[in-house]
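Here's the letter readout for the chains.
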Amino acid sequence: MAQYDTQTLTQAVIDRLADCKDARFKQVMTSLVQHLHDFARDVDLSPQEWITAIQFLTDTGKACNDKRQEFILLSDTLGLSMLVVALEQARGAKGRKGATPATEATVQGPFYWAGAPERRLGEDIAEGVSGEPALYTGRVTDLEGQPLAGALLDVWSGDGEGVYDMQMADAGMRARGKLRTDEQGRYWFWSIRPTYYPVPTDGPVGRMLDRMGRHPNRPGHIHMMVSAPGHQPVTTHLFVANSPYLDSDAVFGVRDSLIVEYERHEPGTAPDGRKMNKPYHVAHYDFRLVPA
Ligand code: BEZ
Ligand code: FE
């Protein structure tokens, strides 16, 4: 009978992959087994801790449904999602030395809702939504600064209290929209200035954060998925400059290049000609896409 000790067991498991036909799967599983065993040895994992972990993962699975993905939230809060985003972007950036940096990507988060309504440039995508109005303006270009006409911006955010439409009982889409750039690659639309908010904390991940002594908050941000024919799409955010939690985002998604000033203006005529009877903000950002 083969008998293994706390060291030889690891190699024995890896050896069982000898007939695995898929080279990449074999590489991933070999590394996973190695790291998992190293981890258990490193912390000297007890049976009680092992069953606690199993129960936690079971609870995480049970908290998932078609509206909620607790495993992705677990990945987000452990920094894995952002690590995968950063690895992918580093891969795409290879061989582009000297080019203007592309717009950086960040996590998609759980509140993307496919099929947001098409909006005309200049429309308010957050009519009736609480929050201070903000005019978003900028261009979508390639890395040489050439405008990308007809580029698509799929935009979503929470309201002025940090609540997403998907978190409200039987509410329809709010503060979402798809916009296309004009011939000069320009976009402009109205929404609100988003505020910071907590990731969902009423499940196992919330309990984990609490036990870790961590806060659950994300700094104010608006999500954008930007795409254009012949270019790689980017899923990103614009972060509100000076928002609380920029330095301690619960999902590690902040990138300095995505922090945008929201210039405050008194009531009057906004740059797009809209008459504003209350104070508003203007946020400007140019997106740069990588060729496909
Ligand atoms: C979000 O920004 O919508 C988000 C991202 C990760 C986890 C929870 C929420
Ligand atoms: Fe968000």
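Here the structure is a predicted model, which means the values were calculated and not measured. (Residues numbered from 1 in each chain as written. Chains lettered and ligands numbered in written order. Predicted model: local features only at pLDDT ≥ 70, side-chain atom pairs only at ≥ 80, totals over all residues. Heavy atoms only, no water.)

A.B. asks: Whenever I open this one, the overall build of the protein confuses me. Can you help?
C.D. replies: Of the regular secondary structure elements, the protein holds six helices and 14 strands. Along the longest, intermediate and shortest principal axes, the C-alpha atoms of the protein span 85 × 45 × 30 Å. For the protein, with 292 residues in total, the buried portion stands at 39%. Restricting the contact set of the protein to residue pairs at least 6 apart, pairs at least 24 apart contribute 70%. (Helix = DSSP H or I, 4+ residues; strand = E, 2+ residues; numbered from the N terminus. Buried < 20%, exposed > 50% of the residue type's maximum accessible area, 1.4 Å probe, protein only. Contact = heavy atoms within 4.5 Å.)

A.B. asks: Explain the packing of aromatic side chains to me, please; I cannot follow it from the model alone.
C.D. replies: Centre-to-centre distance and the angle between the planes together describe a pair of aromatic rings. With the rule as written, the count across this model stands at ten aromatic pairs. With a centroid separation of 4.3 Å and 20° between ring planes, the pair formed by Phe 111 and Tyr 164 is classed as stacked. In this pair, Phe 111 is assigned in the loop between helix 5 (80-93) and strand 1 (133-142) and Tyr 164 in the loop between strand 2 (152-156) and strand 3 (176-180), connecting sequence segments 53 residues apart. Side by side, Phe 111 and Tyr 164 carry an identical accessibility label, which is buried. Ring centres of Tyr 164 and Tyr 197 lie 5.2 Å apart, and the angle between their planes is 80°; on these two criteria the pair is classed as edge-to-face. Remark: Tyr 197 occurs in strand 5 (residues 197-198) and Tyr 164 occurs in the loop between strand 2 and strand 3; sequence separation between them is 33 residues. (Phe/Tyr/Trp six-rings, centres within 6.5 Å; stacked < 30°, edge-to-face > 60°.)

A.B. asks: Honestly, the nonpolar core in this entry has me stumped. Any pointers?
C.D. replies: A general tendency of soluble globular proteins is for nonpolar side chains to be buried together. If you look at the biggest cluster of nonpolar residues, it comprises 38 residues, and the most contacted ones within it are Tyr 136, Val 140, Phe 189, Met 224 and Phe 287. No other element matches strand 8 (residues 234-240), which puts four residues into this core. If we skip the residues at most four places from it in the chain, Tyr 136 touches Tyr 187, Trp 188, Phe 189, Ser 191, Ile 192, Arg 193, Pro 194, Ile 222, Met 224, Leu 238, Tyr 262 and Ala 283. Counting six residues, the second-largest nonpolar core is a separate cluster that includes Leu 135, Met 276, Tyr 280 and Val 282. (Core = buried A, V, L, I, M, F, W, Y, C linked by side-chain atoms within 4.5 Å.)

A.B. asks: I keep staring at helix 6 (residues 204-212) and nothing clicks. Help me out?
C.D. replies: Side chains three or four residues apart in an α-helix point the same way, a direct result of the helix having 3.6 residues per turn. If you check which residues of helix 6 are buried, you get Pro 204, Val 205, Gly 206, Met 208 and Leu 209. Contacts made by the buried residues of helix 6 are with helix 3 (47-62) and helix 4 (70-77). Count one or two residues on from helix 6 and you reach Gly 213, which has phi positive near 80°.

A.B. asks: Explain the coordination of the iron ion (ligand 2) to me, please; I cannot follow it from the model alone.
C.D. replies: Distances from the iron ion (ligand 2) to its protein donors, Tyr 164 (OH), Tyr 197 (OH), His 221 (NE2) and His 223 (NE2), fall within 1.9 to 2.1 Å. Its six donor atoms give the iron ion (ligand 2) angles of 54 to 168° at the centre, a pattern that matches the irregular case. Taken in chain order, the donor set of the iron ion (ligand 2) reads Y-x32-Y-x23-H-x1-H. Residue Tyr 197 is located in strand 5, and its partner His 221 is located in strand 7 (residues 221-227); the two are separated by 24 residues in the primary sequence. Residue Tyr 197 is classed as buried on the basis of its relative accessible area of 5%. (Donors = N, O, S within 2.8 Å, 3.2 Å for Na, K, Ca; no water. Tetrahedral: all angles 85-135°; square planar, octahedral: opposite > 155°, others 65-115°.)

A.B. asks: I keep staring at the site of ligand 1 and nothing clicks. Help me out?
C.D. replies: Around ligand 1, the structure places Leu 73, Asp 76, Gly 109, Pro 110, Phe 111, Tyr 164, Tyr 197, Val 199, Arg 218, His 221, His 223 and Val 251. Contacts to ligand 1 include Arg 218, whose side-chain N or O atom sits 2.5 Å from an oxygen atom. His 223 has a polar side-chain atom sitting 3.1 Å from an oxygen atom of ligand 1. Here ligand 1, which alone exposes 260 Å², has 100% of that area covered by the protein. Those elements that provide at least two residues to the shell around ligand 1 are helix 4 and strand 7. Split into classes, the residues belonging to the shell around ligand 1 amount to seven nonpolar, three polar and two charged. (Near = heavy atom within 4 Å. Polar contact = N/O pair within 3.5 Å; in protein donor to acceptor, adjacent residues only side chain to side chain. Areas by Shrake-Rupley, 256 points an atom, 1.4 Å probe, with all protein chains shown as cover. Nonpolar A, V, L, I, M, F, W, Y, C, P; charged D, E, K, R; others polar.)

A.B. asks: Even after reading the chapter, I still don't get the sheet that holds strand 3, so can you show me in this structure?
C.D. replies: Two modes of strand pairing occur in sheets, parallel and antiparallel, and in both the strands are linked by backbone hydrogen bonds. The five strands lie next to each other as 3-2-7-8-9, forming an open sheet whose pairing is mixed. Edge positions in the open sheet fall to strand 3 and strand 9 (259-260), since each of these has one partner strand only. Relative to strand 9, strand 8 runs parallel, the two sharing two bridges. Note on strand 9: the bridge partner recorded for Val 240 is Val 260. (Pairing = 2+ DSSP bridges.)

A.B. asks: How should I be thinking about a nonpolar patch on the surface in this particular structure?
C.D. replies: Together, Leu 32, Leu 36, Phe 39, Val 43, Leu 45, Trp 50, Ile 51 and Ile 54 give the surface a local cluster of nonpolar side chains, amounting to about 720 Å² of exposed area. Counting residues per element, the nonpolar patch draws most heavily on helix 2 (residues 23-43), at four residues. (Patch = residues over 30% accessible without salt bridge, like charges linked within 9 Å, V, L, I, M, F, W, Y side chains within 5 Å. Salt bridge = Lys/Arg side-chain N within 4 Å of Asp/Glu carboxyl O.)

A.B. asks: Before we go on, may I ask you to explain the side chain of His 281 in this structure?
C.D. replies: With respect to the helices, strands and loops of the structure, His 281 is situated in strand 13 (residues 280-284). Judged by its relative accessible area of 3%, His 281 falls in the buried class. For His 281, the side chain forms a polar contact with the side chain of Glu 132, separated by 2.6 Å. With sequence-adjacent residues up to four places away left out, His 281 is seen in contact with Glu 132, Pro 133, Ala 134, Leu 135, Arg 193, Tyr 262, Glu 263 and Arg 264.

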